[in-house]
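What follows is the residue order along each chain.
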Amino acid sequence: MANRRKKKISALPAVVTKHHLELPYKRGEFALETAVDPDDQKQKVTRLRRKCVYDEMLNRGSINQDQRDAAERYAILCEKSFGGSGDLYAKINLLKEGIHGHYDGPTLKQSEAYDKLFKIWTEMGRYHRGLLNMIVLGNMGSKQISEKLHLNLHYTMGQVLSTFILLEEAMKDL
């Protein structure tokens, strides 16, 4: 009998291999999510979603669904405010004589997002704003934050939870 080589069957989902994200998926950076297709409400689609610290906190029961949703809305608000430039404070290219320049300032939606962000930041205070940005934008957990800020882990965990409470309260007003 001839030795037959068995075809290696991939244990990875098709959506992972299709987009060549095998390594990040194996590292645990992505999770599979099954949801209703926005184009066809009768169909379900499987998609990849980057794992977030606040999703893990929700799964552990550290925060509630409202606080998790507030963190998601905050992330979207930050994305809207940064715009295409990636800069919080959009740059203005001044018109010069003989050179056709253009105004590269914030759009109306970007300005509205700025206003909302500044209101949230004012209500939360500088310290909690920093923690919030480390969690939502930096995707850092309590352990990483405590190491970065040289704080006790249990103290940091309490501060992270108070940050989510403050965020939830600030988001109610918007």
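Source: prediction; values computed, not measured.

A. How the structure looks around the overall build of the protein chain. When helices and strands are tallied, the protein chain shows eight helices and two strands. Across the protein chain, helices and strands are ordered from the amino to the carboxyl terminus as α-α-β-β-α-α-α-α-α-α. Split into buried and exposed, the 174 residues of the protein chain put 30% on the buried side. Within the protein chain, counting contacts between residues at least 6 apart in sequence, those at least 24 apart form 48% of the total. Carbon and sulfur atoms make up 53% of the accessible area of the protein chain, which amounts to about 12700 Å² in all.

B. Representation of a nonpolar patch on the surface in the model. A contiguous nonpolar surface patch, about 340 Å² in accessible area, is contributed by Y127, L149, L151 and Y155. With respect to the helices, strands and loops of the structure, L151 is situated in the loop between α7 (142-149) and α8 (153-172).

C. Region of interest: α7. Among the residues making up α7, those that are buried are S142, I145 and S146. Down the axis of α7, the sector holding all buried residues measures 100°, keeping them to one side. Facing away from the buried side of α7 by over 90 degrees, the exposed positions are K143, E147 and K148. Residues of α7 that are buried in the fold lie against α6 (126-137) and α8. Among the residues trailing α7, H150 stands out with phi positive, at a value near 55°.

D. Geometry of unusual backbone geometry. One non-glycine residue, H20, lies in the positive phi region at around 55°. Within the secondary structure layout, H20 lies in the loop between α1 (14-18) and α2 (22-26). Under the relative-accessibility criterion, H20 is labelled exposed at 64%. In this structure, H150 is a non-glycine residue whose phi angle is positive, near 55°. Inspection of the secondary structure puts H150 in the loop between α7 and α8.

E. Quick look at the pattern of salt bridges. Scanning the entire structure with this criterion turns up five salt bridges. Residue R27 is joined to E29 by a salt bridge in which the shortest nitrogen-to-oxygen separation is 2.8 Å. Looking at R27, the relative accessible area reads 52%, which means it is exposed. Taking the shortest distance from any N to any O, the salt bridge between R68 and E72 comes out at 3.4 Å. Remark: E72 and R68 occur in helix α4 (residues 65-82); sequence separation between them is four residues, near one turn of the helix.

About the cut-offs
- Residue positions are counted from 1 within each chain, in the order its sequence is given.
- For this predicted model, a pLDDT threshold of at least 70 governs which residues receive local features, and a threshold of 80 or more governs which side-chain atom pairs are given and counted, while totals over whole chains, interfaces and linings are taken from all residues.
- Excluded from the side-chain calculation are hydrogens and water; included are all heavy atoms of the structure.
- Runs of H or I in DSSP of at least four residues are treated as helices and runs of E of at least two as strands, each being numbered from the N terminus.
- Think of it in three bands: with a 1.4 Å probe and only protein chains considered, a residue is buried below 20% of the maximum accessible area for its type, exposed above 50%, and partly exposed in between.
- Note on contacts: a residue pair is in contact if any heavy atoms of the two residues lie within 4.5 Å.
- All accessibility values rest on the Shrake-Rupley procedure with a 1.4 Å probe; residue burial counts only the protein chains present in the view.
- Within the patch definition used here, like charges are joined within 9 Å and nonpolar side chains (Val, Leu, Ile, Met, Phe, Trp, Tyr) within 5 Å, considering only residues with over 30% relative accessible area and no salt bridge.
- When a carboxyl oxygen of Asp or Glu is within 4 Å of a side-chain nitrogen of Lys or Arg, the pair counts as a salt bridge.
- Working definition: the arc comes from the directions between the helix axis and the C-beta atoms, pointing outward to the latter.

On their own, these measurements won't tell you what the molecule is for.
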